[in-house]
Amino acid sequence: MPEGPSVRKFQLLTSPFVGQVVVKVGGSTRKINVNYLNSLRLQDSQVHGKNLYLAFVASKGTLGRTAGETGLQREAASGASSAQGCASEEQPQAEELLELQNSRSEPPDGAEGPSNWLHFHFGLFGSIRANEFSRANKANKKGDWKDPAPRLVLHFESGGFLVFYNCRMQWISSPRADPASDILSVEFHRGQALDALRAPRPICYTLLDQRYFSGLGNIIKNEILYLAKIHPLTPGSLLALSDLEQLLDCAVQFSSAWLHSKLRGAGLHPQIYQKEQCPLGHAVTKGTLGPLGGLKRLTWWCPQCQPEVL
């Protein structure tokens, strides 16, 4: 699924539409009633880790409707009747369930404040496009060239539009975000992150804990462990403070560099992720690693460049 740098780019795509009124809606989602978004104004756009939040309010020209009626209150009222019809749609994968547990948004409980927020959590290959639709770049298993179906399309008064693909949506009263844990936030708290890394469990497990490293995903995990020359199964408690600080530097610098690369339209050139050899020509080991009873993730490492700590 998209990691922090990708969702930051998605947020930047939505920013030019802030202040504009939605004039037409579409999309395949049944998790929300897309018609509620008609005539609402996009008031704000925020990002936290792998989550995007859009705030909508009633526009001045909207009669007989309030933001509360069109968002949380009406969704909550219709939730019981629509739950059965939507049960088979957009089922989250194991990875999404784990991350949602670690970054759970508060449930819809009525409007609190001047705006309603739509929370987006993106699945595998989830994306946002501005003023264009995604086109098929290869045939599907049936041999058909079928364009991806958007979950939500928002047309704005300026003539522009936003298209959302493979994402889960939910009305919430306000974003639940802790900038101190967001690796791309200026408020990222290094001390809190270092404390988490010192835990006596494999370092690769801690790095994917969104409570402390929001936005850090499997690609970033693999790359920064190689850059810091740390074996993924090394318990954080066995590493020197200088090693943990270097790993943290790699996390912030790599994530920022990846974001800037995305904004330039350049691709990612991983050194270890999905590679058979490291940049020094050593054979790479591939394994599925994760906590007991938790999500297991594919991990690549170089046994020579990232030796085990005994």
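Everything below is about the structure printed above this text.
Residues numbered from 1 in each chain as written. Predicted model: local features only at pLDDT ≥ 70, side-chain atom pairs only at ≥ 80, totals over all residues. Heavy atoms only, no water.

Draft legend 1. Summary view of the sheet that holds strand S2 (residues 40–48). Strands sit in the order S1-S5-S6-S4-S3-S2 across an open sheet of 6 strands; the sheet is antiparallel. In this open sheet, the two strands that pair with only one neighbour each are strand S1 (22–26) and S2. Shown here is a sheet whose adjacent strand axes are inclined to one another by a mean of 40 degrees, direction ignored. Running over the sheet, helix H1 (residues 4–14) touches S2, strand S3 (51–58), strand S4 (116–130) and strand S6 (161–172) and is turned about 120 degrees from S4. (Pairing = 2+ DSSP bridges. Helix = DSSP H or I, 4+ residues; strand = E, 2+ residues; numbered from the N terminus. Axes fitted to C-alpha atoms, helices over the stretch in contact; angles between N-to-C directions. Contact = heavy atoms within 4.5 Å.)

Draft legend 2. Here's a closer look at helix H8 (residues 241–263). In this model H8 runs 33 Å from its N-terminal to its C-terminal C-alpha over 23 residues, within 8% of the 33 Å that 1.5 Å per residue would give. Within H8, burial applies to Leu244, Leu247, Leu248, Cys250, Ala251, Phe254, Ser255, Trp258, Leu259 and Ser261. Contacts made by the buried residues of H8 are with H1, helix H5 (190–197), helix H6 (203–207) and helix H7 (218–227). One or two positions beyond H8, positive phi appears at Gly265, with a value near 80 degrees. (Expected span 1.5 Å × (residues − 1). Buried < 20%, exposed > 50% of the residue type's maximum accessible area, 1.4 Å probe, protein only.)

Draft legend 3. Summary view of the environment of Leu263. Relative to the elements of secondary structure, Leu263 occurs in helix H8. Between the C-alpha atoms of Leu263 and Arg8, which are 255 residues apart in sequence, the distance is 9.7 Å. Each residue touching Leu263, except ones within four places of it in the same chain, is listed here: Lys9 and Leu12.

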